[in-house]
Amino acid sequence: MAESERSERRMRPGALLFEPSEAASDPEHFFDLESMDDPRELLSRATELAMAFQAAADRAIEYQALAAAQLADPRRFDRLTAVEIARRARWSEDYAQKMIEFGRDLLRSVDPGSP
């Protein structure tokens, strides 16, 4: 598989498990919002979805930080540098370092005895 095909596959968002695949294949379909006629109902449902997606994004960022901290752990024989983590995650080196620190803070909050 060519490198561009692999990158293109990685860049596509993951399928949302609760939306039927037939609906997801229709580019105009988005969680049935397009079929709502009542603007009050549309605003309510769209707001609910936006909040759910933001919560999911926040949680995914925490998992990214945890993974970055684990990959940068100096106790690992296969540890990665911030530069390597940045490259893999498509971040800047500064952002990778911040995510590593954030992940370490998260790990400490789960296990106060960890370094």
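Everything that follows concerns the structure shown earlier in this document.
Residues numbered from 1 in each chain as written. Predicted model: local features only at pLDDT ≥ 70, side-chain atom pairs only at ≥ 80, totals over all residues. Heavy atoms only, no water.

Draft legend 1. Seen up close, unusual backbone geometry. Of note, F31 is a non-glycine position whose phi angle comes to about 50°, a positive value. Examined against the element boundaries, F31 turns out to sit in the loop between α2 (21–24) and α3 (39–71). The backbone of R90 shows a phi angle near 60°, a positive value even though the residue is not glycine. Its location among the elements puts R90 in the loop between α4 (82–89) and α5 (93–110). The exposure class of R90 is partly exposed, given its relative accessible area of 47%. (Helix = DSSP H or I, 4+ residues; strand = E, 2+ residues; numbered from the N terminus. Buried < 20%, exposed > 50% of the residue type's maximum accessible area, 1.4 Å probe, protein only.)

Draft legend 2. Structural detail: the packing of aromatic side chains. Tallied over the entire structure, the rule returns four aromatic pairs. Seen in terms of ring centroids, F30 and F31 are 4.8 Å apart; in terms of plane orientation they differ by 85°. Their pairing is edge-to-face. Among the residues examined, F30 registers a relative accessible area of 39% and is labelled partly exposed. Assessed through its relative accessible area of 8%, F31 is described here as buried. Summarising the aromatic geometry, the rings of F30 and F53 are spaced 6.2 Å apart at their centres and angled 40° between planes, so their arrangement reads as tilted. Placement of the pair is F30 in the loop between α2 and α3 and F53 in helix α3, with a sequence separation of 23 residues. Take F53: its relative accessible area is 30%, and that puts it in the partly exposed class. (Phe/Tyr/Trp six-rings, centres within 6.5 Å; stacked < 30°, edge-to-face > 60°.)

Draft legend 3. Focus on α3. Taking 1.5 Å as the rise per residue, α3 with 33 residues should run 48 Å; its terminal C-alpha atoms sit 47 Å apart, in good agreement. Every buried residue of α3 is accounted for by L49, A65, A68 and A69. Where α3 is buried, its residues touch α4 and α5. Structurally, the start of α3 carries an N-cap: the backbone nitrogen of R40 is 3.0 Å from a side-chain oxygen of D38. (Expected span 1.5 Å × (residues − 1). Contact = heavy atoms within 4.5 Å. Polar contact = N/O pair within 3.5 Å; in protein donor to acceptor, adjacent residues only side chain to side chain.)

Draft legend 4. View of the side chain of D73. Mapped onto the elements, D73 comes out in the loop between α3 and α4. A residue is classified by how much of its surface remains accessible, and D73, at 16% relative accessible area, is buried. In terms of polar contacts, D73 uses its side chain to reach the side chain of R75, at 2.7 Å.

Draft legend 5. Molecular detail of the packing of α3 against α5. Running from N to C, α3 and α5 cross one another at 95°; their axes reach a closest spacing of 7 Å. On the basis of the axis angle, α3 is roughly perpendicular to α5. The residues of α5 that touch α3, namely those facing I61, E62, Q64, A65, L66, A68, A69 and Q70, are M99, I100, F102, G103, R104, L106 and L107. Along the lines of polarity and charge, the residues of the contact of α3 with α5 split into 10 nonpolar, three polar and two charged. (Axes fitted to C-alpha atoms, helices over the stretch in contact; angles between N-to-C directions. Parallel < 35°, antiparallel > 145°, perpendicular 65-115°, else oblique. Nonpolar A, V, L, I, M, F, W, Y, C, P; charged D, E, K, R; others polar.)

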